[in-house]
Amino acid sequence: MVMELENGDDAVSLSASHTSTMASLLPLASVSQQPYVSELLSFTLDRLHKEPELLRVDAERIQRQMQEVAVGNYRAFISAADALVAIIEEVSSIDKHLESLITEIPNLTSGCTEFIESAEQILEKRKMNQSLLANHSTLLDLLEIPQLMDTCVRNGNYDEALDLEAFVCKLSTMHPKLPVIQALAAEVRQTTQSLLSQLLQKLRSNIQLPECLRIIGYLRRIGVFSEYEMRLQFLRCRETWLTGILEDLDQRNAYEYLKGMISCHRTHLFDVVNQYRAIFADDTSGSEENYDGGLLFSWAMHQIISHLKTLKVMLPKITEGGSLSNILDQSMYCAMGLGWVGLDFRGLLPSLFEEAVLNLFSKNMNTAVENFQLVLDSHRWVPLPAVGFSATSFSEESQEDVTPPSYLMEHPPLAVFINGVSAAMNELRPCAPVSLMNVLAQELIKGLQTVSDSLLRYNATRMLRENESGLFLSLCRAFTEVAFPHCATCFGRCYPGGATLIMDAKNLYDGVGRLLTISSSKEPPKPVSNGEEKTTSENGDLPQPVVENGVEPTVDEMRSSNTDEKEQNSPTLHTDEKIGETS
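Conventions used here
- Residues numbered from 1 in each chain as written.
- Predicted model: local features only at pLDDT ≥ 70, side-chain atom pairs only at ≥ 80, totals over all residues.
- Heavy atoms only, no water.
- Helix = DSSP H or I, 4+ residues; strand = E, 2+ residues; numbered from the N terminus.
- Buried < 20%, exposed > 50% of the residue type's maximum accessible area, 1.4 Å probe, protein only.
- Contact = heavy atoms within 4.5 Å.
- Areas by Shrake-Rupley, 256 points an atom, 1.4 Å probe, with all protein chains shown as cover.
- Axes fitted to C-alpha atoms, helices over the stretch in contact; angles between N-to-C directions.
- Parallel < 35°, antiparallel > 145°, perpendicular 65-115°, else oblique.
- Nonpolar A, V, L, I, M, F, W, Y, C, P; charged D, E, K, R; others polar.
- Expected span 1.5 Å × (residues − 1).
- Core = buried A, V, L, I, M, F, W, Y, C linked by side-chain atoms within 4.5 Å.
- Phe/Tyr/Trp six-rings, centres within 6.5 Å; stacked < 30°, edge-to-face > 60°.
- Salt bridge = Lys/Arg side-chain N within 4 Å of Asp/Glu carboxyl O.
- Patch = residues over 30% accessible without salt bridge, like charges linked within 9 Å, V, L, I, M, F, W, Y side chains within 5 Å.
- pLDDT = per-residue confidence, 0-100.
- Disulfide = S-S within 2.5 Å.

### Topic: the overall build of the protein
From N to C terminus, the protein includes 21 helices and zero strands. When burial is assessed residue by residue, the protein has 35% of its 583 residues classed as buried. Contacts in the protein between residues far apart in sequence, at least 24 positions, make up 74% of those at least 6 positions apart. Accessible surface computed for the protein: about 34700 Å², of which carbon and sulfur atoms make up 56%.

### Some remarks on the packing of helix H14 (residues 349–378) against helix H16 (residues 412–428)
Running from N to C, H14 and H16 point in directions that differ by 170°, and their axes come no closer than 8 Å. Accordingly, the angle class assigned to the pair H14 and H16 is roughly antiparallel. Taken together, the residues of H16 that come into contact with H14 (itself represented by Val-357, Leu-360, Phe-361, Asn-364, Met-365, Ala-368, Val-369, Asn-371, Phe-372, Val-375 and Leu-376) are Pro-412, Pro-413, Leu-414, Val-416, Phe-417, Gly-420, Val-421, Ala-424, Met-425, Glu-427 and Leu-428. Of the residues contributing to the contact of H14 with H16, the split by class is 18 nonpolar, three polar and one charged.

### A closer look at the packing of helix H17 (residues 437–461) against helix H18 (residues 466–494)
Between H17 and H18, whose axes approach to 12 Å, the crossing angle comes to 175°. Relative to H18, the element H17 lies roughly antiparallel. From H17, Met-437, Leu-440, Ala-441, Leu-444, Leu-448, Val-451, Ser-452, Leu-455, Tyr-458 and Asn-459 reach across to H18, where they touch Phe-472, Leu-475, Cys-476, Phe-479, Phe-484, Cys-487 and Phe-491. Residue classes in the contact of H17 with H18 are distributed as 15 nonpolar, two polar and no charged.

### Comments concerning helix H7 (residues 158–174)
Between its terminal C-alpha atoms H7 stretches 24 Å, which fits the 24 Å expected from 17 residues at 1.5 Å a residue. Along H7, the positions that sit buried rather than exposed are Tyr-158, Ala-161, Leu-162, Leu-164, Glu-165, Val-168, Leu-171 and Ser-172. Contact partners of the buried residues in H7: helix H5 (136–143), helix H6 (145–154), helix H8 (179–203) and helix H9 (209–222).

### Things to note about the nonpolar core
The tendency in soluble globular proteins is for nonpolar side chains to be buried side by side. Among the nonpolar cores identified, the biggest contains 122 residues, and Leu-219, Leu-315, Phe-417, Leu-428 and Leu-444 are the most heavily contacted of them. For this core, the element with the most residues is H18, which contributes 15 residues. The contacts of Leu-219, once residues within four sequence positions are left out, are Leu-196, Leu-199, Leu-200, Leu-203, Val-224, Phe-225 and Met-230.

### Quick notes on the packing of aromatic side chains
With the rule as written, the count across this model stands at seven aromatic pairs. Plain terms: the ring middles of Tyr-158 and Tyr-218 are 5.4 Å apart, the flat faces sit at 65° to each other, and that makes the pair edge-to-face. Here Tyr-158, found in helix H7, pairs with Tyr-218, found in helix H9; they are 60 residues apart in sequence, far enough to count as distant. According to the relative accessible area criterion, Tyr-158 is buried, its value standing at 5%. Here Tyr-218 falls in the buried class, since its relative accessible area comes to 11%.

### Side note on the pattern of salt bridges
If you walk through the whole model with that rule in mind, you get 13 salt bridges. With its nearest N and O atoms 3.6 Å apart, the salt bridge here joins Arg-61 to Asp-58. Of this pair, Arg-61 and Asp-58 both sit in helix H3 (residues 45–72), three residues apart, roughly one helical turn. Taking the relative accessible area as the measure of exposure, Arg-61 reaches 37% and is therefore partly exposed. Residues Glu-227 and Arg-220 are paired through a salt bridge, measuring 3.3 Å at the closest nitrogen-oxygen approach. With a relative accessible area of 33%, Glu-227 lands in the partly exposed category. What makes Arg-220 partly exposed here is its relative accessible area of 42%.

### As for the environment of Gly-321
Considering the arrangement of structural elements, one finds Gly-321 in helix H13 (residues 321–338). Overall, Gly-321 belongs to the buried group, its relative accessible area being 0%. Linking Gly-321 and Ala-356, residues 35 residues apart in sequence, is a C-alpha distance of 9.6 Å.

### Focus on H13
In a regular helix each residue adds 1.5 Å, so 18 residues correspond to 26 Å; H13 covers 26 Å between its end C-alpha atoms and thus fits that length. When H13 is considered as a whole, its buried residues turn out to be Gly-321, Ser-323, Leu-324, Ser-325, Ile-327, Leu-328, Ser-331, Met-332, Cys-334, Ala-335 and Leu-338.

### As for a nonpolar patch on the surface
Taken together, the side chains of Ile-94, Leu-98, Leu-101, Ile-102 and Ile-105 present a nonpolar region at the surface, about 470 Å² in accessible area. The topology assignment puts Ile-102 in helix H4 (residues 74–134).

### Observations regarding the side chain of His-379
By the element assignment, His-379 lies in the loop between H14 and helix H15 (391–394). With near-sequence residues (within four places) excluded, His-379 lies in contact with Pro-412, Pro-413 and Tyr-458.

### Things to note about the environment of Ala-183
Examined against the element boundaries, Ala-183 turns out to sit in helix H8. Sequence-wise, Ala-183 and Ser-172 are eleven residues apart; in three dimensions their C-alpha atoms are separated by 9.5 Å.

### Regarding the confidence of the model for the protein
In the predicted model, the protein carries a mean pLDDT of 77, and the fraction of residues at 70 or more is 78%. Residue range residues 521–583 is modelled with pLDDT below 50. Its contacts to residues more than four positions away, or to other chains, number 108 contacts.

### Points about the state of the cysteines
Under the criterion given, the structure shown has zero disulfides. Cysteine Cys-334 is unpaired, with the sulfur of Cys-264 as its nearest cysteine sulfur at 9.3 Å.

What follows is the structure, encoded as structure tokens:
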């Protein structure tokens with residue numbers, strides 16, 4: 001049973017294999033073999049078994065025929081074979097040349113491209129040259145613009161120069177990629193900078209409002225500065241001009257320098273403020289932050305502060321009261337003039353001049369005291385010729401007379417001191433601030449106190465003989481009875497009621513008074529009147545006259561004063577009362 005199944009399976013497998021073989025062969029048959037295949041399918045089994053033998057016989061027949069043909073036509077076959085070899089070689093050579101051609105084709109393409117590009121460039125240059133030739137005169141005019149603009153700037157033709165600058169800017173905007181136009185614009189910008197520098201330099205010179213208006217108009221056309229920057233630049237340039245004027249003044253002479261500075265600020269500062277307000281319609285200065293008056297206010301305050309600082313520095317260098325008074329008058333006039341533009345600073349002046357007056361008076365008083373001490377220390381106590389009346393006669397003199405008493409010439413230390421006090425009063429008189437009356441009175445009292453202390457110290461430290469002691473006591477009496485009242489009278493000429501302030505300080509020479517009280521029993525020695533009528537002391541010095549305003553009496557005048565004091569030529573202190581302005 002099993003064997004039967006196995007035989008059945010073999011039969012099935014053969015049938016399947018035959019079927020698959022046929023199926024596999026049939027599709028592989030070419031179109032030319034299809035009729036033969038169709039014929040095979042119509043054969044019987046026996047015929048099919050004989051077919052291979054038949055095919056073999058046909059094949060042998062055909063083989064013999066081919067051999068006969070080959071033998072009969074071998075030359076043709078050899079020629080064909082040679083031709084085939086030659087053709088194969090030629091085809092290989094052609095293939096190689098084709099490969100080389102393919103390799104060189106990119107180079108040929110690039111070469112053609114370069115040729116085309118160079119040809120286009122040459123054509124472009126030719127067109128440009130033709131265009132350049134056609135527009136030669138126009139281009140020449142354009143290239144001459146920088147030189148023409150520079151000539152206009154040098155000759156002051158600013159309108160024409162700015163027209164050229166605007167034209168070149170327009171060209172630069174229209175042709176931003178043209179190198180010639182851009183180079184032209186660069187040269188014009190350099191010339192514009194030169195124009196800008198020249199305009200700013202004009203603002204630093206002495207020009208009036210119309211010229212300022214033109215310059216600001218040019219600056220606005222240039223467009224370099226914003227509105228705020230233009231205002232700031234205007235004030236800076238005008239300040240540079242003012243500073244240059246002040247630098248030209250001679251600072252070695254404080255009085256002349258202050259006069260020049262005040263005159264400069266009075267005229268030019270007033271002009272600058274008016275020019276600014278006329279050129280710039282409002283004073284907002286382009287910023288809302290300047291609510292306190294704007295840029296002009298800040299600049300003007302800077303100028304006024306600089307003016308006051310200069311006054312504070314230079315006033316102490318003035319050593320004459322008349323000069324101080326003149327400077328005060330000019331400063332007040334300057335401040336009043338600037339008040340028309342809102343820069344009245346008169347309220348700031350009194351403190352500066354009060355300080356200067358106080359320093360000048362203190363310096364003169366210190367000089368008077370120092371000279372008194374020097375002369376007292378070197379004085380030789382010898383009798384001098386009588387040149388005046390007795391001390392009691394001075395109380396009978398008119399209170400209006402402020403002539404330095406001639407009696408003091410018998411006491412050179414006191415004469416030197418009174419000369420110094422008179423000089424200090426003369427310097428104080430032209431500029432005497434009322435507010436300083438008490439302070440100056442204390443300075444004078446301090447000087448008198450120093451003189452009194454010097455006399456007491458001299459008496460305590462020096463050993464004097466009897467006749468020298470008498471002369472010294474006479475000098476002390478002259479100080480209390482003549483010099484002190486005379487100083488009070490002089491101070492009263494500068495300040496009404498000032499003499500009372502000095503006389504109320506009589507206690508300052510209480511020590512000298514006690515010294516005179518103790519020695520009241522001793523008579524002071526009488527002046528020597530010998531036959532030779534000496535006019536010099538033994539120490540070889542002339543008796544010190546009382547000097548007023550730098551004028552010193554001659555020897556003949558001193559002698560004539562012995563006979564008639566009213567005819568003496570000693571200068572007197574002016575009785576004109578002048579109270580310095582304090583506001």
